[in-house]
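Structure assessment
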Amino acid sequence: MSEFKKVLEQDPGNSTTLGCLARAYLDAGNLPKARQTFARMRPQDAQNFRARMVRAQLHAVEGKSALALKEMDEEVLKHADLQPFAALDAAEAYAVLGETDRAIEWLDRSMRKGDDRAAWLRIDPLLANVRQHPRFKQILNSMEFRWQQRIALAKQQ
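Cut-offs used in this document
Residues numbered from 1 in each chain as written. Predicted model: local features only at pLDDT ≥ 70, side-chain atom pairs only at ≥ 80, totals over all residues. Heavy atoms only, no water. Helix = DSSP H or I, 4+ residues; strand = E, 2+ residues; numbered from the N terminus. Rg over C-alpha atoms; globule rule 2.2 N^0.38 Å. Buried < 20%, exposed > 50% of the residue type's maximum accessible area, 1.4 Å probe, protein only. Phe/Tyr/Trp six-rings, centres within 6.5 Å; stacked < 30°, edge-to-face > 60°. Lys NZ or Arg CZ within 6 Å of the ring centre and 35° of its normal. Contact = heavy atoms within 4.5 Å. Axes fitted to C-alpha atoms, helices over the stretch in contact; angles between N-to-C directions. Parallel < 35°, antiparallel > 145°, perpendicular 65-115°, else oblique. Left-handed = near helix turned anticlockwise from the far one by under 90°. Nonpolar A, V, L, I, M, F, W, Y, C, P; charged D, E, K, R; others polar. Expected span 1.5 Å × (residues − 1). Polar contact = N/O pair within 3.5 Å; in protein donor to acceptor, adjacent residues only side chain to side chain. 1 Å grid on protein atoms, 1.4 Å probe; cavity = no way out; pocket = protein on both sides within 12 Å on 5 of 7 lines; lining within 4 Å. Points joined across faces, edges and corners; volume = space filled by probe spheres on them.

Take the overall build of the protein chain next. The helix and strand inventory of the protein chain stands at 10 helices and zero strands. Shown N-terminal to C-terminal, the secondary structure of the protein chain runs as helices and strands in the order α-α-α-α-α-α-α-α-α-α. Expected size for 157 residues packed as a compact globule is a radius of gyration near 15 Å; at 16 Å, the protein chain falls within 12% of this value. If one aligns the C-alpha atoms of the protein chain with their principal axes, the spans along those axes are about 50 × 35 × 25 Å.

Okay, structure coming up:
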């Protein structure tokens, strides 16, 4: 978090850094700090897709399901479907909301788009609700297999 704070000393309104810091606080379980960090965003920046997704995750963790789902409207989900890391964001929000099937669907999308962060998925606090799901374990195995394939290919070259 100290790296984010250093950036914000130079550029206090940096929306990317504010969003990352809010997410770091969220992962650490410090919901008041996450909310305070969001409050520092300029109104126009607070409406970008990434900020809205992290805000949806925060609402989900706070037990505000309706607000979380409102943040994750059709446009935000279209954005999430465009890249692997954003697809994982959607999976995390759905996992916290207890929507296991949707969470697994978005995890699968994330993996199919190239996200191979199996080590993170094993400890991601927002995925605790789905970690025991059989499909979750299959997704992890696929990620790890692809990772091993890349390592073996790199050694051959």
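For R150, the position within the fold is in helix 10 (residues 134–156). Note on R150: relative accessible area 40%, which makes it partly exposed.

Let us now look at the packing of aromatic side chains. In the structure shown here, the tally under the stated rule is zero aromatic pairs. Positioned over the ring face of F38 is R55, at 5.6 Å from the centre of the ring. Over the ring of W106 we find R109, and its NZ or CZ is 4.1 Å from the ring centre.

Let us now look at the side chain of D45. Within the secondary structure, D45 sits in the loop between helix 3 (31–39) and helix 4 (49–61). Apart from residues no more than four positions distant in its own chain, D45 is found in contact with G13, S15 and A51.

This part takes up the packing of helix 3 against helix 4. Following both chains from N to C, one finds helix 3 and helix 4 inclined at 150 degrees, their axes separated by 11 Å at the closest point. It follows from the interaxial angle that helix 3 and helix 4 lie roughly antiparallel. Judged by the twist between their axes, the crossing of helix 3 over helix 4 is left-handed. Contacts between helix 3 and helix 4 involve L31, A34, R35 and F38 on the former and, on the latter, A51, V54, R55, L58, H59 and V61. Looking at the contact of helix 3 with helix 4, its residues break down into seven nonpolar, one polar and two charged.

The terminal C-alpha atoms of helix 4 lie 19 Å apart, and with 13 residues this matches the ideal 18 Å at 1.5 Å per residue to within 8%. In terms of burial, helix 4 is a largely internal element, 10 of the 13 residues being buried. Among the residues of helix 4, A51, R52, M53, V54, R55, A56, Q57, L58, H59 and A60 are the ones counted as buried. Buried residues along helix 4 sit in contact with helix 2 (15–27), helix 3, helix 5 (65–71), helix 6 (74–80) and helix 7 (84–97). The N-cap of helix 4, judged by a side-chain oxygen 3.1 Å from the amide nitrogen of R50 a few residues on, is N48. G63, located one to two residues past helix 4, shows a positive phi value of around 85 degrees.

Each pocket or cavity is described by its volume, and for the largest pocket that value is around 280 Å³. R23, R50, F85, D89 and R117 are, among the 16 residues lining the largest pocket, the residues nearest its centre. Sorting the residues of the lining of the largest pocket by element identifies helix 2, helix 4, helix 6 and helix 7 as the ones contributing at least two each. Of all the elements, helix 7 adds the most residues to the lining of the largest pocket, at five residues.

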